[in-house]
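A closer look at the structure
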Amino acid sequence: MKKFNRVLSVLLVMSLVFIAACSNNAGTKEPATTDNNQGAEGAKSKETIYYLNFKPEIAEVYEKIAKDYEAETGVKVKVVTAAAGTYETTLKSEIAKSEAPTIFQINGPVGYDAWKDYTLDLKDTKLYSYLSDQSLAVTEGEGVYGIPYVVEGYGIIYNNAIMEKYFALGTKATAITSMEEVNNFDTLKSVVEDMQANADALGIKGVFSSTSLAAGEQWRWQTHLANIPLFYEFNDIQGFDNATSAGLAANEIKFSYGNNFKNIFDLYINNSTVKPTLLGSKTVADSMAEFALGQSAMVQNGNWAWNQINEVSGNTVKAEDIKFLPIYTGVTGEEKQGLAVGTENYFAINSKVSESKQQASIAFLEWLFTSDKGKAYVTNDLGFIAPFNTFADNEKPADPLAKEILAWMEKDTTSVAWTFAAFPSEDFKNSFGDALLQYAQGNETWDKVSSVVVDSWKSERAK
């Protein structure tokens, strides 16, 4: 009996130990639950997102980015690239599918008007907060629906070595001592005209490179320069979220800032390497060669001009001397005007997919423009001038003009938006360019140029 009791006692103790062990094991399930929660996050990270790419030439780079991102986060990024010239058609087809793109591209305000039913508001995302110039985003009301991911810009390119030579001249007639002081048209005009008077002492043929007005070469004036006065005119129109939308709705224009266009255009052609009557035979290549060879101190063009300058045989301009200046025209308050910066490339997030896909898509884009690996892809492989403040100096493009674009975007200035997307047709631009040639050659008055601009806009918009 005693033996039985001892056995019973042993069994009872073992049972208590077993129960205690089970209780302890049960107690350890809380961390396990936490692990499961983390596992849920991990499962969430296994979400597949879909990016519909616009540019075939960088498709392979995005494929590499997708593989690296999946390896790092577990999120699969499906990349589909539309054939050249078919993006809108492809997007219309893909957006209707059950597995639709979660990230797609829109062409600024014009594209937003077509796809606004599918664009998620991104105003509260980190991606939007990282923009160096938030005015570049596509907005409506308080919402942000398109984030620019690569930008280009244009303005007046100048050779700082020649400018420093001018500022050191004992015979100069102005009190200006640095380009930091040149922040409006009147100051620019006084410096340019005095430089032209001292052209021989500066070793230049003229301050500005020739204004290329040969047929097919006029785009710097009838599109890029024309953008400045029309941006201001459209910006004055009430009831629109941006100047481009106002321009698209304008069946007629007043060319109310036409005299501002005339201000800078006259400065270009009257302080040039060649006489105005010879501009009809000049090309963009001629203009850029004059600058590269040190025959001029300034030229209007964009950041894409670096190769045109650098590859000219006999180029004398050093990379560190190439700088940008905004195109000042005499508009009130232009001291706060920046370069003309824009893009046709904006990321949008599909508002029709699940919230988890939306958040995973946003996280991917934020990784691309904030992580060391992502930023290396952006700069070195995609070759973008990315408009985000997350890039350190050593992570930005080495191209001097690209650096200048980024530096201006970070200044206390407002970039001039690219509103030429609102221009009614190529015929309108060509009519404008042809009228400018006639004016430069002394065959037409400025009033006639203004009439051509106003009348051509109205007739082309009516078609």
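Above this text is the structure in question.
These notes cover the structure that comes with them.

The rules we used
- Residues numbered from 1 in each chain as written.
- Predicted model: local features only at pLDDT ≥ 70, side-chain atom pairs only at ≥ 80, totals over all residues.
- Heavy atoms only, no water.
- 1 Å grid on protein atoms, 1.4 Å probe; cavity = no way out; pocket = protein on both sides within 12 Å on 5 of 7 lines; lining within 4 Å.
- Points joined across faces, edges and corners; volume = space filled by probe spheres on them.
- Helix = DSSP H or I, 4+ residues; strand = E, 2+ residues; numbered from the N terminus.
- Nonpolar A, V, L, I, M, F, W, Y, C, P; charged D, E, K, R; others polar.
- Phe/Tyr/Trp six-rings, centres within 6.5 Å; stacked < 30°, edge-to-face > 60°.
- Lys NZ or Arg CZ within 6 Å of the ring centre and 35° of its normal.
- Salt bridge = Lys/Arg side-chain N within 4 Å of Asp/Glu carboxyl O.
- Buried < 20%, exposed > 50% of the residue type's maximum accessible area, 1.4 Å probe, protein only.
- Expected span 1.5 Å × (residues − 1).
- Bend = angle between axes of the 7 residues up to and from the residue.

1. Notes on the layout of surface pockets
If you add up the space inside the largest pocket, you get close to 750 Å³. When contributions to the lining of the largest pocket are tallied by element, the ones reaching two or more residues are α5 (108-115), β4 (138-140), α10 (219-235), α11 (243-248), β10 (337-342), β12 (414-416) and α18 (426-440). With four residues, α10 is the single largest residue contributor to the lining of the largest pocket. Of the residues belonging to the lining of the largest pocket, the class tally is 16 nonpolar, 16 polar and seven charged. Quantified by volume, the second largest pocket comes out at close to 350 Å³. Lining the second largest pocket are 20 residues; nearest its centre among them are Y158, M179, E180, W408 and K411. Those elements that provide at least two residues to the lining of the second largest pocket are α7 (160-167), β9 (322-325) and α17 (400-409). Looking at the lining of the second largest pocket residue by residue, the classes come out as eight nonpolar, five polar and seven charged.

2. Overview of the packing of aromatic side chains
The relation between two aromatic rings is expressed through the spacing of the ring centres and the mutual angle of the planes. Tallied over the full model, the rule gives 32 aromatic pairs. One cation-aromatic arrangement involves K78 over Y50; the distance from NZ or CZ to the ring centre is 4.4 Å. Over the face of the ring belonging to W408 we find K411, whose NZ or CZ atom lies 3.7 Å from the ring centre.

3. Regarding the pattern of salt bridges
Taken as a whole and judged by the stated rule, the model has 13 salt bridges. Here K396 ties to D393 by a salt bridge, and the two come within 3.4 Å at their closest N and O atoms. Here K429 ties to E426 by a salt bridge, and the two come within 2.8 Å at their closest N and O atoms. Highlighted residues: K429 and E426, both in helix α18, separated by three residues, approximately one helical turn. According to the relative accessible area criterion, K429 is buried, its value standing at 11%. One salt-bridge network, held together by shared partners, links D393, K396 and E410.

4. Some details on empty space enclosed by the protein
If a probe as big as a water molecule is rolled over the atoms, it shows which places are left empty. On inspection of all chains with the given rule, the structure shows two cavities of 30 Å³ or more. Taken as a whole, the largest cavity encloses approximately 40 Å³ of empty space. The wall of the largest cavity is formed by F208, S209, S210, T211, R220, W221, Y268, V299 and Q300. Those elements that provide at least two residues to the lining of the largest cavity are α10 and β8 (296-302). Taken together, the residues of the lining of the largest cavity sort by class into four nonpolar, four polar and one charged. What the second largest cavity holds in volume is close to 40 Å³. Forming the walls of the second largest cavity are T379, F384, A386, F388, F391, K396, P397 and L406. For the lining of the second largest cavity, a count of residues per class yields six nonpolar, one polar and one charged.

5. Quick word on α10
Over its 17 residues, α10 runs 22 Å from end to end, which matches the ideal 24 Å to within 8%, given 1.5 Å per residue. In α10, a bend of some 45 degrees at N227 exceeds every other bend along the element, and P229, a proline, comes one to four places later. The buried fraction of α10 is high, at 15 of 17 residues.

Purely spatial values, then, with no claim about function.
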